[in-house]
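Here's the letter readout for the chains.
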4 protein chains.
Amino acid sequence: MSGNTFGKLFTVTTFGESHGVALGCIVDGCPPGIELSAEDLQIDLDRRKPGTSRYTTQRRESDEVQILSGVFEGKTTGTSIGMVIFNKDQRSQDYGKIKELFRPGHADYTYQQKYGFRDYRGGGRSSARETAMRVAAGAVAKKYLKQKHGIEVRAYLSQMGDVKVDLKDWDAVEQNPFFCADPDKIDALDALMRDLKKQGDSIGAKVSVVADNVPVGWGEPVFDRLDADIAHALMSINAVKGVEIGDGFECVNQKGSEHRDVLTPEGFLSNHAGGVLGGISTGQSVVAHIAMKPTSSITVPGETVDINGDSAEVITKGRHDPCVGIRAVPIAEAMMAITLMDHCLRHRGQNADVQSTTPVIPAQPK
Amino acid sequence: MSGNTFGKLFTVTTFGESHGVALGCIVDGCPPGIELSAEDLQIDLDRRKPGTSRYTTQRRESDEVQILSGVFEGKTTGTSIGMVIFNKDQRSQDYGKIKELFRPGHADYTYQQKYGFRDYRGGGRSSARETAMRVAAGAVAKKYLKQKHGIEVRAYLSQMGDVKVDLKDWDAVEQNPFFCADPDKIDALDALMRDLKKQGDSIGAKVSVVADNVPVGWGEPVFDRLDADIAHALMSINAVKGVEIGDGFECVNQKGSEHRDVLTPEGFLSNHAGGVLGGISTGQSVVAHIAMKPTSSITVPGETVDINGDSAEVITKGRHDPCVGIRAVPIAEAMMAITLMDHCLRHRGQNADVQSTTPVIPAQPK
Amino acid sequence: MSGNTFGKLFTVTTFGESHGVALGCIVDGCPPGIELSAEDLQIDLDRRKPGTSRYTTQRRESDEVQILSGVFEGKTTGTSIGMVIFNKDQRSQDYGKIKELFRPGHADYTYQQKYGFRDYRGGGRSSARETAMRVAAGAVAKKYLKQKHGIEVRAYLSQMGDVKVDLKDWDAVEQNPFFCADPDKIDALDALMRDLKKQGDSIGAKVSVVADNVPVGWGEPVFDRLDADIAHALMSINAVKGVEIGDGFECVNQKGSEHRDVLTPEGFLSNHAGGVLGGISTGQSVVAHIAMKPTSSITVPGETVDINGDSAEVITKGRHDPCVGIRAVPIAEAMMAITLMDHCLRHRGQNADVQSTTPVIPAQPK
Amino acid sequence: MSGNTFGKLFTVTTFGESHGVALGCIVDGCPPGIELSAEDLQIDLDRRKPGTSRYTTQRRESDEVQILSGVFEGKTTGTSIGMVIFNKDQRSQDYGKIKELFRPGHADYTYQQKYGFRDYRGGGRSSARETAMRVAAGAVAKKYLKQKHGIEVRAYLSQMGDVKVDLKDWDAVEQNPFFCADPDKIDALDALMRDLKKQGDSIGAKVSVVADNVPVGWGEPVFDRLDADIAHALMSINAVKGVEIGDGFECVNQKGSEHRDVLTPEGFLSNHAGGVLGGISTGQSVVAHIAMKPTSSITVPGETVDINGDSAEVITKGRHDPCVGIRAVPIAEAMMAITLMDHCLRHRGQNADVQSTTPVIPAQPK
């Protein structure tokens, strides 16, 4: 594959540029008989949609997804599911200047050198707009995982700049524009965003993803470990620069005696591993964290070079998020769900016959 | 694939258990005409070999690799390269107790539940011994990258416990048993290891990998980003719990104006991005960091369950590293090299015709 | 992948049912900078379009393809190309009876058992309508191969029932509704079709595909032989039951001394091999033949079973081709072109450095 | 992948040259808990082994296979299975002349041009010797299919030159050196072979493969049709130039009313389709036929060119089969079994939840 497909048995292939005619994807390998409608996908699409709050780009997109195939009489047929979102607000007029420049921190320069030229309209294929279809595809996976295994895949903003947010309450996450899991931190985030708007600057963020009720046994040892595929999936999201599973980089200063998660007949006593051992799910919650870089689309003037290699000054005008981490929350959920779904199918493909005589250990003691 | 293959055009498929007959791999897609001999691979194999210092497992393995195919008259033929290492020091007698127990922090329990039973001898397929063949395959990639592109893929131990090690000197790395890049830190590492030995405990570590002279343009946008595949590759190494590209998790508290790497005709002024933008190499050094968890094979007694699900006590006897991070250094280099090699071939497969009119920007100003 | 993607470096993924909202595909891995427009694709789409002659189904479809991404300012960008054709003439009303029955020779029964239910409208995903997107994707490959390598991929109807058609004249192929390469055979084909219409029956056919100017060296030995992938590609076309490369089944009664193609400095003296030796192109024309079964959509009444497994009688009403082989001509070209394109990119990915000191032998002596 | 791997969930990757150190393969994705020993593989290896009769090459090879991993206490573990056969009879001394020449009908020229040079010893990677590992891997698949589904995969020589052989008796197949299914034809085959030996010439052959008891529902629609993957698998065998499913090329002159296989509650009334409809198994026997070209390794002198492109004369001395079709029988079985196994796992990966309310139709009426 040439890089626009993710997954082995449950595969997602996407297309579309920021200001092209449409975005779309093909979801292949979805089991048949799953109730599915555009509404199921729209819920998550609306969560990542631009213009939903004064803190995200004001670009106006309804992001209305259509299912073009693979669903018959309200159920998936087992054949490939085609989906499309037509771009409305294209504004492709005002690119006169930016097309000559390489914005620092952007993919402008690398695309130019890789392909010899680039679609400069809104970043073309490198725009975060591409992630809309990941969210649509992820919603299919989330629905299946929930329905067949009771798996809940949820994410939240766990840090923005120096404001750390603990997971106080899942319900709170959907009740504020920051996907903040601690109501007491909303004002701090609000203040931080306002300052950034003033400065015309941006900030990084940390997003945490948790999948509850993942059964033991998913993931392939060696290269296609569940955690390795999760790392691949999450690092493939625009602006992500780091991925952790469980304790992640805290492990560097941990001892074996404190890190290891004790097994008891009543359940695991801790989850430093983040729900994966030897690349295979343990039956505990699968926990991952990602680091998002601050967007480079800022109005603070910067030095750069133009397409002739001469120095130039750049200011990114237009409609941009001071923190792309916010809208990454539903995207991270989607990529986690797609990865779990793929491994669900792969696991049973190879191991449907298996019966273990060892009882399953609960995620934690009652 | 079922998880034992990595790569798309340049592929590595491995087999072998810790105490099985042999370990082996097949390297497919290597360009023809590259001078290659077992000696080329042995150098790196010896760097990761157990028993090389009093700080790593005392298991005695010559780890002598044989090339079985794909090389003719000293040159690669373009066909698949088969390699094998026969296990010598198997010691499979003394597993009476461990076969009944699930060691906390190990893959024992997840293998048992996934497959219904497991090869308990030394961890079977989940043993770090599997990584020997990654190192052998990586050596092929390193040789090609060096020869054709002058690429240097090197790693070092950047932290162990609370001892941080900066990159002072690449030459120092090979002159101490810790792959420590700062001679002044060797005593501290030495002391830390001695304490751990006394306690029968282990410690985590951080390893940093740097690839110099990677040309601009490698990596596919969207899912197969160069950094996403690097994250996949590195997270697939035993005990790795986190991966960073460039500034990684430091980005969370950075502003856009400080993170973005300024382009000038003379070169990039910084490398916060770690050599990748939009999933494509920038021409700067590709920089990654990994977090290694402390090994769970420690003599500190622990609580656990046995294969019947009843509680039990476990003590891991035998020959184990207090810090698996040390031997991870050549493994991390190998996985980085394999990933770069794959993208080298993929890039030219699609883009061999491309000529960019934009001059290449140097990694940094002279 | 789950079966809706073809190719490794140049990949085509399709979706869509006969009477669904739309058909579509994603072409991934196309090199950048190739001039491409919907018109380029429409030419071949019109060649396979239903209703073009009184000999093919009278279903009315404009089959108007739209390019939704991957093309900017008239050139491919190197990113994924999304295409869609919206279904117009859906007629989904009159399926009352057929939904209860399994038509003999159709995929009705196998879909029902594989997926538990099926989209019965016009055969759903199993309809030859799916091939429209193959033709669109193949047109991209044909354009690239022609432009970069001067490769001409053409097919013709070489037999229908007992009427054999030799390749007399490539120009003639496009000048009759049968893709017949011998003007003298048109009347015979015409008569055969008229009889079949009367009888309400159908007939099989043989289609031959020829790719001229394929350079030496494309194709991977062992499993991904060029001819093996061509066989995969062609056998994946609806109703194809046999594939031959070069002399095909004639080889069974050939001696080695007659089969082998003699090499001379001036050129090969014959092409029994069909342009492939050891799975690698020889530089001669790549020649393949396919056998198409007679369509089972006929008005001759037949015995069958219904979805409850009880016996029933079936008569397929509506608009169907007496010979699906006719419209298979552009589809066979498309699949051959897609396969060649994929191997073109794969070959240079691995072997771009290669220089052979042996002069290239011409396809045939001047 | 670069062509040495076959399959998606159940994958086989091979290496090795005719006169290299060893041949080997890795079987990945095999379900755990299957009893497996080297003896299971040796049975089929001995069936294809050179030197088994005076009609096949007299090269002496014990072809003793070793299992290096993936099997523990006599059962597959679910991890990758490594296997190796060390070459004994290498005779690499006497290649002085052939290394300068391209034998017509051989892969010598294409390898030279693709890779820039070649391993000329016994054909290197292009030798049929490579197929030994396919047979070993196929034996794993055959055992699983037999044990779990009662599937019987068998092949026989159905034609050699003008001697046609019908399937009279499966037991007869193993009781003669030709895999001949009709005892009355053995003398004719014997005579034909003796003549060819005298002439120093070779002859083509047709081999038929039948898989009984394949359940309904295996195979993916569109590109990864069961029959398309079978065509890929069989066409990838050295010297194969044609593949048919069911009636194959006979379909060209069939009418729809005669070709379609009638379904009745008691069973299918015929099997023109060869057990596949719409790319999915029907529950009938899967039937395929392959055309093998006559080997080009003959002592009849031939015209050719040398590595400098100058004309030359060639005579292939040494130990060769007058009919490679004979030894292709176990190889064809192996490739059919590997393909079925892969689709078995893929099918249940996606469709394990499916329950069809339609009763299964027997392969044929009692």
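Residues numbered from 1 in each chain as written. Chains lettered and ligands numbered in written order. Predicted model: local features only at pLDDT ≥ 70, side-chain atom pairs only at ≥ 80, totals over all residues. Heavy atoms only, no water.

Per an unreviewed UniProt entry, chain A goes by the name Chorismate synthase and belongs to Corallincola spongiicola. Recorded in UniProt for chain A, the comment headed Sequence similarities (unreviewed entry) runs: "Belongs to the chorismate synthase family." The heading Catalytic activity (unreviewed entry) in the UniProt record of chain A holds the text "5-O-(1-carboxyvinyl)-3-phosphoshikimate = chorismate + phosphate". (UniProt positions renumbered as here; feature names shortened; annotations may be inferred.)

J.: An account of the interface of chain B and chain A is requested, with residue identities and associated values reported.
T.: Taken together, the contact between chain B and chain A spans 118 residues of the former and 118 residues of the latter. Taken together, the two surfaces of chain B and chain A that pack against each other cover about 9,200 Å², and 61% of this comes from carbon and sulfur. Here chain B and chain A share two salt bridges between them. With a shortest N-O distance of 3.7 Å, Glu220 of chain A and Lys114 of chain B are connected by a salt bridge. In this structure, the connection of chain B to chain A is made through 52 residue pairs in polar contact (both at pLDDT 80 or more). The class makeup of the residues in the side of chain B that touches chain A is 50 nonpolar, 46 polar and 22 charged. Two strands pair when backbone bridges link them, and strand β11 (residues 240–245) of chain A and strand β11 (residues 240–245) of chain B are joined in this way by three bridges, in the antiparallel orientation. The residue bridging Val243 of chain A from the neighbouring strand is Val243 of chain B, located in β11 of chain B. (Contact = heavy atoms within 4.5 Å. Buried area = accessible area lost by both parts, 1.4 Å probe. Salt bridge = Lys/Arg side-chain N within 4 Å of Asp/Glu carboxyl O. Polar contact = N/O pair within 3.5 Å; in protein donor to acceptor, adjacent residues only side chain to side chain. Nonpolar A, V, L, I, M, F, W, Y, C, P; charged D, E, K, R; others polar. Pairing = 2+ DSSP bridges. Helix = DSSP H or I, 4+ residues; strand = E, 2+ residues; numbered from the N terminus.)

J.: Tell me about the relation of the copies chain B and chain A, residues and numbers included.
T.: At an RMSD of 0.0 Å, chain B and chain A line up after a rotation of 180° and a shift of 0.0 Å along the axis. On the angle and the small slide along the axis, the relation comes out as a two-fold axis. In terms of C-alpha distance to the rotation axis, chain B has His232 of chain B as its closest residue, with the C-alpha 2.3 Å off the axis. A share of 100% of the interface residues of chain B reappears at the interface of chain A, consistent with the copies meeting face to face through the same patch. (Least-squares fit on C-alpha atoms with pLDDT ≥ 70 in both.)

J.: An account of the packing of aromatic side chains is needed here, citing residue identities and associated values.
T.: Tallied over the full model, the rule gives 26 aromatic pairs over all chains. Ring geometry for Tyr120 of chain B against Phe72 of chain D: centres 5.2 Å apart, planes inclined by 85°, an arrangement best described as edge-to-face. Linking Tyr120 of chain B in the loop between α2 (108–115) and α3 (131–149) with Phe72 of chain D in strand β5 (residues 71–72), this pair reaches from one chain into another. With relative accessibility at 6%, the residue Phe72 of chain D sits in the buried group. Where Tyr156 of chain D meets Trp170 of chain D, the ring centres are 5.5 Å apart and the plane angle is 85°; that geometry is what we call edge-to-face. With Tyr156 of chain D in strand β8 (residues 152–160) and Trp170 of chain D in helix α4 (residues 170–173), the pair connects residues that are 14 residues apart, well separated along the chain. (Phe/Tyr/Trp six-rings, centres within 6.5 Å; stacked < 30°, edge-to-face > 60°. Buried < 20%, exposed > 50% of the residue type's maximum accessible area, 1.4 Å probe, protein only.)

J.: Summarise the pairing of strand β3 (residues 22–28) of chain D; cite the residues concerned and give the values.
T.: All names here are of chain D. Where burial is concerned, most of β3 is hidden: seven out of the seven residues are buried. On β3, burial covers both faces: Ala22, Gly24, Ile26 and Asp28 on one face and Leu23, Cys25 and Val27 on the other are all buried. In this sheet, β3 lies alongside strand β2 (residues 11–15) in antiparallel orientation, the contact comprising five bridges. Its bridge partner lying in β3, Val12 is registered against Val27. Counting the residues in the hairpin turn of β2 and β3 gives six residues, including Gly16, whose phi is positive at 120°. As paired strands, β3 and strand β7 (residues 81–86) are joined by six bridges and run antiparallel to one another. Residue pairing for β7: Ile26 is matched across the bridge by Gly82.

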